[in-house]
Amino acid sequence: MKQMMNFRINETIKLNLILAACVSIGLLTSCEEEVYPETGSIVDKTPPSAAFSATQGVGLNDEWMTYTFSNQSSSATDFAWDFGDGNSSTDFEPSNEYSGEGTFDVKLTATDKLGVSSTYSEQIVIVEPEAPEAIIPPIYEASFEDNSLPDGTGDGRDSWRLSGAGVIQITSSPVYEGSQAAKFPSAGDRAAYQVLEVTPNSDYTLTYYYTMKTSPTGGNVTVWILPGEVSEFSQIDTDQAIASFAGTDQSSSNDYAKVDLPFSTGANDKVAILVTNELVESRVDSMSITAD
Amino acid sequence: MKKSNFLLLLALIATTVLSAQSVLNGTVSGTDGQPIPGANVVVQNTNNGTTTDFDGKFSISVSSGDVLTVSYLGFATQNITISNQSSLNIVLEADASKLDEVVVIGYGTQLKSNLTGAISKVNNDDLDQIAVSRVDDALVGQVSGVNIQATEGEAGSAPTIRIRGVGSINGSVDPLIVVDGMVVDNDYLGSLDMNDIASFEILKDAASTAIYGSRGSKGVIMVTTKDGKEGKTKFRYNAYTGFKEAHQSDAYYFTTAEQAEFERAATGTIQDKTQYKLLLAEAGGDTNWQDIIFDGGVINSHSLSVTGGSKRTKFSTALSYLHDEGVLLTDDYKRYNIKLKVDSKINDKLSFGLSLTPSFTDRQRFDGSTHDILRQPSWLPLYLDDNTINFVNRTRDGGKYANAQVGDYAIQRMFDDFDLANGVPMAGGASGLDISNTSNTNPAAKVLESDRGDKKFKAFGNAYFKVKFNDNLSLRTSFGGDYQNTAYQRWRGVEHNRNGASAAYLELQDTNRIHMVTETYFTYDQSYGDHVINAVLGTGAESWKTEYNQTRGGGYTSDLLQTIAAADPLTVTASSMEYESRLLSFFARINYAYNDKYLASFSLRRDGYSVFGSNQKYGDFPAVSLGWKLHEEDFLLDNELVSNLKFRVSYGITGNPGVDTGDDQIDNYPYLALLATSNAVIDGGTLTGFNALNISNPDLKWERSVEINPGVDFGLFNNVITGSIDYYERESDQLLLYNPISSTTGFNNALVNIGKVQNKGLEIELRSRNISIENFRWSSTFIASKNENTLLNFADSNGQIQSVDAKRAAEWINQVGQPISSFYGWVVDKEIPTEYLKNAWHPIGAQAQDVYVRDLNGDGLIDDDDKTILGSPYPELVWSFGNDFKIGNIDVSFLFQGSHGAEVRNMGDQYIFNHFNSGQDFDPAITPDQQFIKQKIFTDSIIQDASYIALRNVNIGYTFGDNVISKAGLSRARVYVAGQNLMYLKADGYTGFNPESINTTSSTTYGYQRAGSPVFSTVSLGVNLEF
Amino acid sequence: MRYLKYTLFFALIALISSCEEGYLEPAPTSVISSANYYTTPDQVESAVINIYDGIQGVWDFNMDENRALQLEFYLTEMRSDNTRTKSSEGEAAQFESYSVEATNGIVANYYQSYYNVVYRVNVVLENLDAAGSMAAKYEAEAKFLRAYAYFNLVRLFGDIPLVDSVISPEDKATAYTRVASAEIYNLIISDLTTAISGLDNSSSYRASKTAAQTLLAKVHLNKGEYLEAQQLCESIVESGNYALEANFKDVFYSEGNDEVIFAIGYIGDSNEAQNFSAEWLNAVGRTSGVNYVTNDAKAALDAMGGDRTMYSYRNDVSQVTQNQVAKYIPNGDSTLGISSTSSDPQRAGNDWIVLRYADVLLLHVESILAGGASTTSAAALSSFNLIRNRAGLANDADGTITKQELMDERRVELAFENHRLFDLMRMGEAQNVLSAFAISVGVGFTSSDLLLPIPQREINLSGGDMSQNPGY
């Protein structure tokens, strides 16, 4: 019995040594400190890439000469700008005032702290913005003369045709100037139609001359300014007209009367001139257009 | 409840005293003189019987001529005829062949010596004396390979249980729970009464769990409740009262004076704000919000059980009550249990059994969050008193605080606009000195003025019929199920929110869940000569059906009526849903032993589960294991050193069906593309639309785990030292994952089977009876487990970076070759000197929300390239070391437990040090190297070591001598004092409340700690009575 | 042996009960499976309604829910010179300080919300066959909403993934490829063109012809196509369907009025409520107060607001040095004669106006200005003066509208309606104006701050395939 006991106690000591060992292993493992990588210890997967865009200033004075630059570079820390006019900057997003109109090569060099760099350049063309000048559209065969098209051809009415409407006649007298004018017979089944390229939201004046036979009375020769462009006479809706003038001066069949027809283009970059007549034979000559 | 329990007890004592008669006292011991507790002592052919106590002592009423039958597992049974002895000492011969324990395995039992899988058994010797409200809390440190962590601190809240690491990376990695052979909801562990539990068996390796097939991969916890024993009816009364106290974090408490000194030391002066704070602190005293929020509590438990039975019928009933006040403000947990269990033999062929265990739990929640509360400064009082009320500015905020009175909750904003020069609040709404750092109401008001909790009624019932066709073949059919009703309510009172009544609301939820199980299986036992065969063949079907209703109402003007009826009808909204899933199973197992030396076991289970697509519903889960009892071989017979040695190896395939998307509808029908109603407001009314809930996946299938587990069981020096060592390697693949996807798809996640995770580890269990002599016994237990988790494959999600909280998007990475859910981010280089902070000294001293980080690639920029892995949230080693002493009538036991190598992302620092406050920003005008500055939350700055060593349990008891107790008519009486966490060591560098406290997130973003709840220690007094 | 019978009987039941037909395929009961849905016009319409639900956003404070429109002010007003947080706290303060992180949750939420809207649209487009005679209308409606979503996304994030059909998670090419914004604009324009031809003006809470025209006009202005914009604006004006409210206050506090072209509706105290209005008020929402008025915006309104000023911002009673937005007040204001829209201000019922007629009139002026420095066009002046007169201000004094005057007028007319930042960017003045503003309030601004970062979540999920915007 006693031996048995001693024997056990010895074993117990052994056992507890084992336990102590295990526990201490446990504690040791707990003392592992997390080790993190140091600065600069890994490779850079994203080298710098340079990019920018430029915006011209807008304003009533000389803002147009100043350009603002938007920096769109990535993964870079330092920037060198060459504005192409001798000026330069190291700002992130500089702006530069140029001396005036011209073409400049703007260059941006983006660098990171590893010394890797990337360059991007763009050419900017600086022009002073014109106070939006209205275009003066050409009126072809404005005086209905033969061979008066730019290429020296034409019968004086080629530019005035519109399918669905009778083509106008040409008369040699009376004319306002030159040797021919447009003639609209009393049937009133003819129409002159020509489309002009204009500047939207601008004011123009169409000037022309007309004359009418003295009888029968009650007729008219009318010039319409219509928005947009049509390909068929049937598509014309004169209620849409931007402006129109109905000539009714029958005092003389030889003397031409002058008409100034002002109109504003509004939201149109195309308008059409339409000339029609009613009841009495009429003539139209020498059209011209001016912008106000 | 308590009272009536005592009354009942008294009544019972009385009756027994009356019926007391001439008694035979005796002891039962082994040949080595060691007392044998728990031996059966029965008068033959009667129901008169008893079992020996801890000292092998028994007392039984006999008359001369009776024959006593004394039996104990592992010993030869003895019959003694009584003449006229008054005392008797019986010595039982050890029967080596029977020195054995029966272990519960799925659909049957097996002798421990014949086990070929890794199964740990924990008997409920004194677990029921550990003052915790849940049985799983008591299991901490009891079994190797099982890591139980109290991740939420509220009374009654479930701990996180991980068996052999995280084998799955979806949400549901909790083990399967089986009570008395029936699978139950995990939540059920919260409703069990430890007093009624006989033992736990933890099935760890795949070969053991494969019999539960599709649900086996996360391990199985088998719970066996107490059965009636043949013999005299036995009453047991156990009770304890415990006092809980929270361990506070010193790192998270500063007095106003301390902060002021801190500031003066650094800047040579203190700013006006600080001076004002000092004034307030002097007036009202410093407030330690930890004292207020971690208010400690009392835990009470009473349990009365009555067991007994005749040859034919045995019964076991129990009645118990538990009340845990918890350590947090307002949290409270009450549990009532009743247990009825009857087993009866109708005749030799047919027997049946019935058990019913209804339980009711009433849980009161802590309706706040510790992080939010601990942001509060120490100068803010809880209530206004005669002094502090003088600092209230009654004119500011449009006269919001005009009627402030002593006893009102103090609110930071009340004290703003102060006139420091004259020491009074600014008059007439003029602006003055502000010290508030939030417009929130008083932190305690948030908790005290709301009422959130749930009441659960659960009933677990099971009935079985068993037919014994002959000695070899029997059939068992059982029907059972558990029903649970959860009534959840949340009331937000009119003072809860800074917006007052307009924010008050009541929300009610009602959930009914019915789980039905029916199982039928044949058992076949046969032995031909040296061949022993035990076989099982069966089928089962289960279904889960859930119904849910929710109602919410607002527009309350007072706290008087907390009903939906009292709400403004316009504000009442309601919703409801129901869903169902079903399982159909077939299983078979053969255990074979040859010559009692060579063991083999084969099993196969086929499971069909409704959640998966038509072509994927079924899964097959085979397993095989082999064993070799070397000690039965001639060369080891009668070996002095080695008394028991067994090698075993097992291999098995198990599954995990757990789909966890956070949406119950999707979880139950993920193979369908689901549409739910959505509303849009058109011309002042609402029109109903339909919105897609998910991306369907008809090919969704089981998560699969393949595990191999070599192990050895040994006994040395005639089993003085016994133990086992297991090594396991488990590879889980086709993981069910709610995988994040590009939100350009219209969804943020999709359910997929993807990837492969490996868990490998070592488990050691050592038990020794160190000393065992008259009146002195000492035994020790050492348990350790090491687990290593590695992500082996993650398809094209490899390197996937995730975050838990869109608002504070700290990152986790899941990278092949690393543990899953590794912390990810930038590496801290150095702190930002306080002089660069905008207002370093308000509200909390000298804490920058940002920090200089390392430019790992040295390109001068901090970007994603500079991020790295910062640690893992899973422990490498978990161990426990327990000792039991018995000196005369005194018994002492204690258990140390530790965990090492885990880390947490402790958001506590972020909140408590106000890292989201502009005052803690660096000043961009003067701070150098700003390109190297990042918020601390994205760095290792808040990654902390979560290792700990705890003295989990201490138990000192005194057992009264027979002479004393027999007078009282008792058969056993013991009083004890016990303690939990009396010592708790945290790793240095850990600043929070509790390294074990973890927020519930996905397993790919594990280890997120939002201040959490504190560690607490419990000291309890208890009594065990038997009669 | 007879007991055996019983037991076998039970065993049988056990098996039968489990082997019945379809035991493993219980049908969902409180949701429906989309497999056989979308077969009737009504069902397709339910998918159309679902798009509005997406824009409306989930009433919640949880950043995982799609909050959509309810977070828009953070990304627009608070990145302009109009608003800021009250106490520059948390990630909300990243916007005003032009230090937005790629991990910012608000940015991520908006990105995912609007791609979710796009997804809802694509579902409709894929099921048009079932819509029968309504197909054209639903297509137009859905495409307008997709254009609206992409127009916001492309202006906020620049080049973005182009998703014009329902894509699967496997389609990573589509999900992570950033398409040039020019192509995004092409989709927007074609969607809006379809919308214009297929829609009428029946409701201002659903897509309408005019809404599509207004949006298209804006798109053209962004691309410098002034004439197209002008023509669209003039056709809206000429249609005469909309008019300015006589009283500026009624624009916001008499919901569904004639000035509103397109609005997103909310209903107070319900799940269809919004919570942004409360967030704008100190200690009413969850935040400590966001979208507070900058001194810069206050000065502009004081100087040029006219009658609009008092209904645009008000003083914060609890912090007199602070000013709050006075549009969309949820809990009423007796002094302004505004009543509350809900009992719980965090569940407010104020609708959000996406497009209104005043916007169109000023776009008309902008289109005539056509990127120039000034205009004297009579048409421009008449639109311009309509806005000024409603605000109780006299006609433009010198008859010349400069670019600056137009920007100022838009700022005060549309203050805090999430237009300011987009206006500055569209008119090419963002970099100048915001740099100056940033300096004045002591924060750092660079032009790369005009675009938000692609959410880090997407970059991470793309495994490096997806590139980040410069500066992040």
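Sequence order as written defines the numbering, with residues in each chain counted from 1. For naming, the first written chain is A and the first written ligand is 1, with later ones following in the order written. In keeping with the model being predicted, local features are shown solely for residues with a pLDDT of at least 70 and side-chain atom pairs are shown and tallied solely at 80 or more, while totals for entire chains, interfaces and linings include all residues. Side-chain figures throughout are based on the complete set of non-hydrogen atoms in the structure, without hydrogens or water.

Engineer: Where do I start with a nonpolar patch on the surface in this structure?
Structural biologist: Residues and elements named next belong to chain B. Taken together, the side chains of Ile887, Ile890, Ile956, Tyr958, Phe960, Val964, Val975, Val977, Leu982, Val1019 and Leu1021 make up a nonpolar region of the molecular surface, amounting to roughly 870 Å² of accessible area. Only DSSP runs of H or I reaching four residues or more are called helices, and only runs of E reaching two or more are called strands; each is numbered from the N terminus. Contributions of two or more residues to the nonpolar patch are made by β49 (948-959), β50 (972-986) and β52 (1016-1026). Take the nonpolar patch: its biggest share by element is 3 residues, from β50. With respect to the helices and strands, the residue Val977 is situated in strand β50. Within this analysis, patches are made of residues with over 30% relative accessible area and no salt bridge. Like charges are joined at 9 Å or less; nonpolar side chains (Val, Leu, Ile, Met, Phe, Trp, Tyr) at 5 Å or less. Only the protein chains shown count as covering a residue, and every accessible area follows the Shrake-Rupley method with a 1.4 Å probe. Basic side-chain nitrogens of Lys or Arg form a salt bridge, by our definition, when they fall within 4 Å of a carboxyl oxygen of Asp or Glu.

Engineer: Is there a simple way to explain the pattern of salt bridges in this structure?
Structural biologist: When the charged atoms of two side chains lie near each other, side chains of opposite charge can form a pair. According to the stated counting rule, one finds 83 salt bridges over all chains in the structure shown. Where Arg606 of chain B meets Asp620 of chain B, a salt bridge forms, and the shortest distance between an N and an O atom there is 2.8 Å. Note that Arg606 of chain B is positioned in strand β29 (residues 598-609) and Asp620 of chain B in strand β30 (residues 618-629), a separation of 14 residues in sequence. The class for Asp620 of chain B is partly exposed, based on a relative accessible area of 43%. Among the ionic contacts, a cluster of salt bridges with common partners joins Glu259, Arg308, Lys327, Arg356, Arg388, Arg390, Glu409, Glu413 and Glu417 of chain C. Exposure is judged per residue with a 1.4 Å probe applied to protein chains only, and the accessible area is read against the type maximum: over 50% gives exposed, under 20% gives buried, and values in between give partly exposed.

Engineer: What's the story with the interface of chain A and chain C in this structure? I'm lost.
Structural biologist: Many structure descriptions define interface size as the accessible area lost when the parts assemble. In what follows, a contact means two residues having at least one pair of non-hydrogen atoms within 4.5 Å. Across the contact, 17 residues belong to chain A and 19 residues belong to chain C. By definition, the buried area sums, over both parts, the 1.4 Å-probe accessible area that each loses when the two are put together. It is Val58, Asn201 and Ala267 of chain A that lose the most area in chain A upon contact with chain C, and together they represent 40% of the buried surface on that side. Seen at the junction of chain A and chain C, the total is 0 salt bridges. Contacts described as polar in this section are N or O atom pairs within 3.5 Å, which, within protein, must combine one atom able to donate a hydrogen with one able to accept it, while residues neighboring in sequence count only if both atoms come from side chains. The tally of links from chain A across to chain C stands at 5 residue pairs in polar contact (both at pLDDT 80 or more).

Engineer: Even after reading the chapter, I still don't get the environment of Thr76 of chain C, so can you show me in this structure?
Structural biologist: All names here are of chain C. Following the sequence through the fold, Thr76 ends up in the loop between α3 (72-75) and β2 (83-84). Thr76 sits 32 residues away from Ala108 along the chain, and the two C-alpha atoms are 14 Å apart. In this structure Thr76 touches Leu156, Asn418, Leu421 and Phe422, once residues within four positions along its chain are discounted.

Engineer: Before we go on, may I ask you to explain the sheet that holds strand β40 (residues 822-825) of chain B in this structure?
Structural biologist: Within a sheet, each strand pairs with its neighbour through backbone hydrogen bonds, oriented either parallel or antiparallel. Residue and element names in this part refer to chain B. Any two strands with at least two DSSP-identified bridges between them are counted as paired. Taken in spatial order, the 4 strands make up an open sheet running β38-β39-β40-β43, and their pairing is antiparallel. The open sheet has two edge strands with one neighbour each: β38 (800-803) and β43 (868-871). Averaged over neighbouring strand pairs, the angle between their axes works out to 45 degrees when direction is ignored. Where β40 and β43 come together, 3 bridges link them in antiparallel fashion. If you follow Phe823 over to β43, its bridge partner there is Gly871. All axes are obtained by fitting lines to C-alpha atoms, using only the stretch in contact for helices, and the reported angles, taken between N-to-C directions, cover 0 to 180 degrees.

Engineer: Sorry if this is basic, but what is going on with a negative patch on the surface here?
Structural biologist: All names here are of chain A. Charge assignment in this entry is limited to Lys and Arg as positive and Asp and Glu as negative, and neither His nor the chain termini are counted. Where a charge sits is defined by one atom per residue type, namely NZ (Lys), CZ (Arg), CG (Asp) or CD (Glu). Negative charge collects at one region of the surface, where Asp62, Glu97, Glu101, Glu128, Glu130 and Glu133 lie side by side. Summarising the element assignment, Glu128 is placed in the loop between β7 (117-126) and β8 (169-171). Owing to a relative accessible area of 40%, Glu128 belongs among the partly exposed residues under this scheme.

Engineer: So what exactly am I meant to see when it comes to the interface of chain B and chain C here?
Structural biologist: Each side of the interface is counted separately: chain B has 94 residues, and chain C has 88 residues. Taken together, both faces of the contact between chain B and chain C bury some 7500 Å²; the carbon and sulfur share is 57%. Of all residues in chain B, the largest losses of buried area upon contact with chain C belong to Leu675, Val681 and Thr744 of chain B, amounting jointly to 9% of the total for that side. Counting the contacts that link chain B with chain C gives 0 salt bridges. Applying the counting rule to chain B against chain C returns 23 residue pairs in polar contact (both at pLDDT 80 or more). Gly falls in the polar group here, along with every residue not listed as nonpolar (Ala, Val, Leu, Ile, Met, Phe, Trp, Tyr, Cys, Pro) or charged (Asp, Glu, Lys, Arg). Considering only residue class, the side of chain B that touches chain C consists of 38 nonpolar, 36 polar and 20 charged. As paired elements, strand β32 (residues 674-682) of chain B and strand β1 (residues 32-33) of chain C share 2 bridges and run antiparallel to each other. Bridge assignment links Leu674 of chain B to a residue of β1 of chain C, and that residue is Ser33 of chain C.

Engineer: Just checking my understanding: could you explain the nonpolar core for this structure?
Structural biologist: As a rule of thumb, soluble globular proteins bury nonpolar side chains together. Residues Tyr74, Phe144, Tyr150 and Ile188 of chain C are the most contacted members of the largest nonpolar core, which totals 153 residues. Among the elements that take part in this core, helix α6 (residues 135-157) of chain C stands out by supplying 15 residues, more than any other. Apart from residues no more than four positions distant in its own chain, Ile188 of chain C is found in contact with Ala147, Tyr150, Phe151, Val154 and Val219 of chain C. Listed in part, the 40 residues of the second largest apolar core include Tyr252, Trp289, Trp379 and Ile844 of chain B. For the purposes of this section, nonpolar cores are sets of buried Ala, Val, Leu, Ile, Met, Phe, Trp, Tyr and Cys residues that join through side-chain atoms within 4.5 Å.

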